[in-house]
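What the coordinates show
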Amino acid sequence: MFKCKAAWNKLAPLARASSTLCRQAGKRAVFRHERTPQFVQPAHMSSGPSGGGGENTLYFVLVGATCLAGGAYVSILSCYSSTLWIIWIHQPVCLVYAPCVELEPVSEAVVEPSIAEPVQEEAPAPEPAAELVTEAPAPEAVPEPPVAEPCLAEPVVEEVTPEAPVLEAAPELVVASEAPAPETPASEAPAPEEPAPEEPAPEAAASQEPDSGPASAAASPAVEPTHAPYLLIGGGTASFAAARSIRARDPGARVLIVTEEDDLPYMRPPLSKELWFSDDPTVTETLCFKQWNGKERSIYFQPPSFYVSPTELESVENGGVAVLTGRKVMHMDVRGNKVKLSDGTEISYDKCLIATGGIPRNLQVIERAGDEVMKRTTLFRKIEDFKALEKVSRELKSITIIGGGFLGSELACALGRRSADLGLEVVQMFPEKGNMGKVLPEYLSNWTTDKVKKEGVKVLTEAVVKNVTYKEGKVEIKLKDGRVVKTDHVVAAVGLEPSVELAKSAGLEIDSDFGGFRVNAELQARSNIWVAGDAACFYDIKLGRRRVEHHDHAVVSGRLAGENMTGARKPYWHQSMFWSDLGPDVGYEAIGIVDSSLPTVGVFAKATAKDTPKAATEQSGTGIRSESETEAVAGSVAVGKAAPTPPPQQKEDYGKGVIFYLRDKVVVGIVLWNVFNRMPIARKIIKDGEEHADLNEVAKLFNIHEE
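This is a predicted model, so every value here is computed, not measured.

What follows deals with the pattern of salt bridges. The tally for this structure, following the rule as stated, stands at 23 salt bridges. Residues glutamate 455 and arginine 417 are paired through a salt bridge, measuring 2.5 Å at the closest nitrogen-oxygen approach. Of the two residues, glutamate 455 sits in the loop between α13 (442-454) and β13 (458-460) while arginine 417 sits in helix α12 (residues 406-422), which places them 38 residues apart along the sequence. The residue glutamate 697 makes a salt bridge to lysine 700 at a minimum N-O spacing of 2.9 Å. Overall, glutamate 697 belongs to the partly exposed group, its relative accessible area being 44%. One connected set of salt bridges, linked through shared partners, spans Glu224, Arg327 and Asp343.

Next comes the structure, spelled out in structure tokens:
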């Protein structure tokens with residue numbers, strides 16, 4: 001009996017401590033998680049990989065040995081039967097809770113059985129039996145998790161079977177994310193296994209790749225657009241006006257402009273006018289000029305920030321206008337709705353505008369003269385031509401301009417103004433009797449020639465070029481009347497040839513009389529192809545079929561073509577105007593058919609200080625006078641009371657006036673000589689198409705007699 005009591009004194013404290021720790025661990029888990037732990041399914045006891053059977057045999061051996069030892073104690077210690085039942089009750093409780101809590105090791109040395117070598121089947125002594133209750137063997141290579149969700153299922157003594165809760169929880173029941181590290185010395189317990197990082201989703205993995213920076217962008221070069229809903233061929237005024245019109249009616253439109261030039265769309269008139277009168281030595285780089293009113297502006301319609309990159313045109317959210325520079329459209333496939341560029345790129349389109357403008361003409365005698373003459377000849381049209389001629393004017397001693405029309409006369413006046421300062425000789429020659437002899441009546445042409453001469457220009461009238469050669473470092477020009485002109489450089493300003501190279505591949509009609517693409521009143525050449533600007537030969541509902549080579553016509557025709565490309569279906573009724581300035585003191589505006597071969601009637605008055613291009617721009621705020629025009633319809637012009645006719649002026653005084661061009665006694669063209677901002681009145685007269693018995697009375701509508 002004494003031995004039994006001694007055994008009880010040793011076993012009972014351990015059993016009670018184990019049970020108490022189990023209950024305390026469960027309570028701590030509840031408070032830590034702030035929720036009721038979930039009941040888990042009983043796990044099969046296993047000390048090795050799932051699916052094996054050796055671990056179950058080991059379990060039966062251990063449990064059987066424990067039961068036999070307990071039975072022996074019961075038979076010997078019958079006097080303490082009630083106490084032994086307490087031991088029996090607490091022992092399976094610890095077996096149930098052991099997998100869910102971590103207890104302080106009773107012994108300093110724990111021998112973990114190997115899976116390959118099972119533990120020998122020996123019945124443990126009382127001391128080892130208590131250790132079996134408190135220390136559960138762990139499987140090899142599977143470290144004990146920090147803390148698992150506590151299992152709160154009620155223990156059942158009679159169901160101690162392989163299906164009952166076991167010492168080691170199955171791997172799928174381990175919850176290690178919120179468990180503290182076990183309080184086991186590092187030298188005794190295996191290192192806890194770090195949870196494997198989750199595999200990122202494919203999208204997340206892509207986003208976590210290191211940024212390759214500029215090198216990555218270089219590795220995948222930008223792709224230019226292969227399709228454009230609106231394709232505009234040509235980068236001049238007509239194309240830009242069409243692009244603005246398309247975007248105004250279709251804010252989300254994607255417009256692609258393809259231009260052979262290396263520059264963004266710009267206005268051409270300043271190249272032969274205001275840029276030459278700039279005092280800025282860097283004007284060839286800035287391309288900014290001061291208008292006659294003193295305001296400064298650039299020749300470009302919009303800065304680069306206005307446009308989107310061609311590579312982003314197809315993806316930009318709200319569409320935009322992109323410009324593909326340095327490319328020429330070589331071929332049009334109208335059936336396939338696509339074009340081929342000079343670099344081999346193919347671009348398809350839904351709707352297309354041809355606004356290719358024109359190519360400066362040259363004299364055949366110059367083309368046959370050879371390379372030395374061609375190297376010293378400028379065909380003035382583009383920004384590069386302005387830069388080259390400006391440089392030549394500063395480096396050489398003489399320049400000869402062939403041509404007496406708008407461009408030739410403007411360049412002659414511009415170069416003549418700087419001739420005295422630069423020591424430059426400027427010569428202008430043409431076959432007519434006076435400057436702009438094909439436009440102005442003879443008397444006004446002669447008066448204009450005198451004005452040009454006063455600018456420092458040597459003017460040779462009725463000069464027909466017979467031969468051009470290069471001798472002794474000079475270009476020698478021989479005229480039919482025997483005169484010879486030696487010069488350092490030649491500027492050929494003899495007109496413009498419409499650019500119609502695409503007509504053959506596109507199967508479009510060319511007008512045999514006026515040249516250019518033949519279009520209807522809506523500027524349409526085919527169902528989805530329009531033409532605008534210098535290259536369009538259109539039907540004027542008042543004046544018949546025409547082709548116009550002026551800035552205002554490019555603006556108006558481009559705008560109308562853009563509207564019709566978006567479904568407007570409007571006819572071209574607008575009478576476009578054009579203007580020319582011979583310096584800041586003499587200028588004119590014209591509309592309709594102005595041909596010196598037609599009968600003309602001119603009404604003039606004495607000019608005042610405000611009757612100059614400079615004064616006109618100060619009043620309107622722009623040197624590009626067509627931009628200040630109103631879009632008033634014919635019936636909206638208020639005539640009012642005309643001023644009384646003053647006494648007749650001397651014949652040689654053409655300070656300001658109005659010239660009417662007649663065909664079958666009907667006014668078909670009007671030139672306003674130093675009369676500005678009266679174009680709506682002129683447009684109304686032409687649109688009415690009426691005969692006028694006294695044009696002096698009609699001239700009063702322009703208030704030319706006001707002081």
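Before going further, it helps to examine the environment of arginine 683. If you trace the backbone, arginine 683 turns up in helix α17 (residues 679-688). Judged by relative accessible area, arginine 683 falls into the buried class, the value being 6%. In the structure, arginine 683 is positioned 92 residues away from isoleucine 591 in sequence and 7.3 Å away in space, judged by C-alpha atoms.

With that settled, consider the confidence of the model for the protein. Close inspection of predicted coordinates is inappropriate in any region flagged by low pLDDT. On average, the protein scores 75 in pLDDT, and the residues at 70 or more come to 62%. For residues 627-651, every residue scores under 50 in pLDDT, and the model assigns this stretch 31 contacts once sequence neighbours within four places are set aside.

Once that is clear, we can look at the sheet that holds strand β10 (residues 377-379). Taken together, five strands build an open sheet; the order of strands is β10-β17-β11-β12-β13 and the sheet is parallel. The strands lining the two open edges of the sheet, one partner per strand, are β10 and β13. In this sheet, neighbouring strand axes are inclined to one another by 20° on average, regardless of whether the strands run parallel or antiparallel. Taken together, the four bridges between strand β11 (residues 398-402) and strand β17 (residues 489-492) define a ladder with parallel strand orientation. Each residue of the ladder has a partner; that of threonine 400, found in β17, is valine 490. Of the strands in this sheet, β11, β12 (425-429) and β17 touch α12, which is tilted by about 160° from β12.

Our next topic: the packing of aromatic side chains. A complete count under the given rule lists 14 aromatic pairs for this structure. Relative to tyrosine 588, the ring of phenylalanine 406 has its centre 6.3 Å away and its plane inclined at 40°; by these criteria the two rings are tilted. Highlighted residues: phenylalanine 406 in helix α12 and tyrosine 588 in strand β25 (residues 587-592), separated in sequence by 182 residues. The interplanar angle of 80° and the centroid separation of 6.1 Å between the aromatic rings of tyrosine 443 and phenylalanine 604 together place this pair among those described as edge-to-face. A residue pair is termed long-range when its members are at least 10 positions apart, and tyrosine 443 in helix α13 and phenylalanine 604 in strand β26 (residues 600-605) qualify at 161 residues. Looking at phenylalanine 604, the relative accessible area reads 15%, which means it is buried. Chaining the aromatic ring pairs together yields one cluster made of Phe406, Tyr443, Trp447, Phe578, Tyr588, Phe604, Tyr654 and Trp673. The ring of tryptophan 579 has lysine 273 sitting right over it, with the charged end atom 5.4 Å from the ring centre. Sitting over the ring of tryptophan 573, lysine 687 keeps its end group 4.9 Å from the ring centre.

What follows deals with a nonpolar patch on the surface. On the surface, Tyr539, Ile541 and Trp573 cluster together to form a nonpolar patch covering roughly 280 Å² of accessible area. By the secondary structure assignment, isoleucine 541 is in the loop between β22 (536-540) and β23 (544-546). Overall, isoleucine 541 belongs to the partly exposed group, its relative accessible area being 45%.

Looking now at helix α11 (residues 383-395). Residues spaced three or four apart along an α-helix point in a common direction, a consequence of the helix completing one turn every 3.6 residues. The first and last C-alpha atoms of α11 sit 19 Å apart over 13 residues, in line with the 18 Å expected at 1.5 Å per residue. Taken together, the buried positions of α11 are occupied by Ile383, Asp385, Phe386, Leu389, Glu390, Val392 and Ser393. On its buried face, α11 is in contact with α8 (283-286), β10, β11, α12 and β17.

Spatially, five strands are ordered β24-β25-β28-β27-β26 in an open sheet, and the strand pairing comes out antiparallel. Either end of the sheet is taken by a strand with one partner, and the two such strands are β24 (577-581) and β26. Taking each pair of neighbouring strands and ignoring which way they run, the sheet shows an average axis angle of 15°. Summarising the sheet, β26 and strand β27 (residues 656-663) pair through six bridges and their orientation is antiparallel. Residue pairing for β27: threonine 600 is matched across the bridge by tyrosine 661. The sheet strands contacting α12 are β24 and β25, and the helix crosses β24 at an angle near 25°. Docked against the sheet, α17 engages β24, β25 and β28 (666-673), running at close to 165° with respect to β28.

As a further point, take the packing of helix α7 (residues 237-249) against helix α15 (residues 551-565). Across the interface, α7 lies against α15 with an axial gap of 7 Å and an inter-helix angle of 35°. Where α7 crosses over α15, the handedness of that crossing is right-handed. Listed contacts from α15 to Thr237, Ala238, Ala241, Ala242, Ser245, Ile246 and Arg249 of α7 are His551, Ala554, Val555, Gly558, Arg559, Gly562, Glu563 and Met565. Counted by class, the contact of α7 with α15 contains seven nonpolar, five polar and three charged residues.

Turning to the nonpolar core, a few remarks are in order. Ranked by internal contacts, the top residues of the largest apolar core, which has 125 residues, are Met332, Phe660, Ile670, Trp673 and Phe702. Those residues in contact with isoleucine 670 that sit more than four places away from it in its chain are Glu589, Ala590, Ile591, Val594, Val658, Ile659, Phe660, Tyr661, Ala682, Ile685, Ile686 and Phe702. Core analysis: the second largest hydrophobic core is formed by 15 residues, Val373, Ile402, Leu479 and Val485 among them.

This brings us to the environment of glycine 235. Tracing the sequence through the fold places glycine 235 in the loop between β1 (227-233) and α7. Sequence separation between glycine 235 and threonine 356 is 121 residues, and the spatial gap between their C-alpha atoms is 7.7 Å. The residues touching glycine 235, leaving out its near neighbours within four places in the chain, are Ile257, Val258, Thr259, Pro265 and Tyr266.

Criteria and cut-off values
Residues numbered from 1 in each chain as written. Predicted model: local features only at pLDDT ≥ 70, side-chain atom pairs only at ≥ 80, totals over all residues. Heavy atoms only, no water. Salt bridge = Lys/Arg side-chain N within 4 Å of Asp/Glu carboxyl O. Helix = DSSP H or I, 4+ residues; strand = E, 2+ residues; numbered from the N terminus. Buried < 20%, exposed > 50% of the residue type's maximum accessible area, 1.4 Å probe, protein only. pLDDT = per-residue confidence, 0-100. Contact = heavy atoms within 4.5 Å. Pairing = 2+ DSSP bridges. Axes fitted to C-alpha atoms, helices over the stretch in contact; angles between N-to-C directions. Phe/Tyr/Trp six-rings, centres within 6.5 Å; stacked < 30°, edge-to-face > 60°. Lys NZ or Arg CZ within 6 Å of the ring centre and 35° of its normal. Patch = residues over 30% accessible without salt bridge, like charges linked within 9 Å, V, L, I, M, F, W, Y side chains within 5 Å. Areas by Shrake-Rupley, 256 points an atom, 1.4 Å probe, with all protein chains shown as cover. Expected span 1.5 Å × (residues − 1). Left-handed = near helix turned anticlockwise from the far one by under 90°. Nonpolar A, V, L, I, M, F, W, Y, C, P; charged D, E, K, R; others polar. Core = buried A, V, L, I, M, F, W, Y, C linked by side-chain atoms within 4.5 Å.

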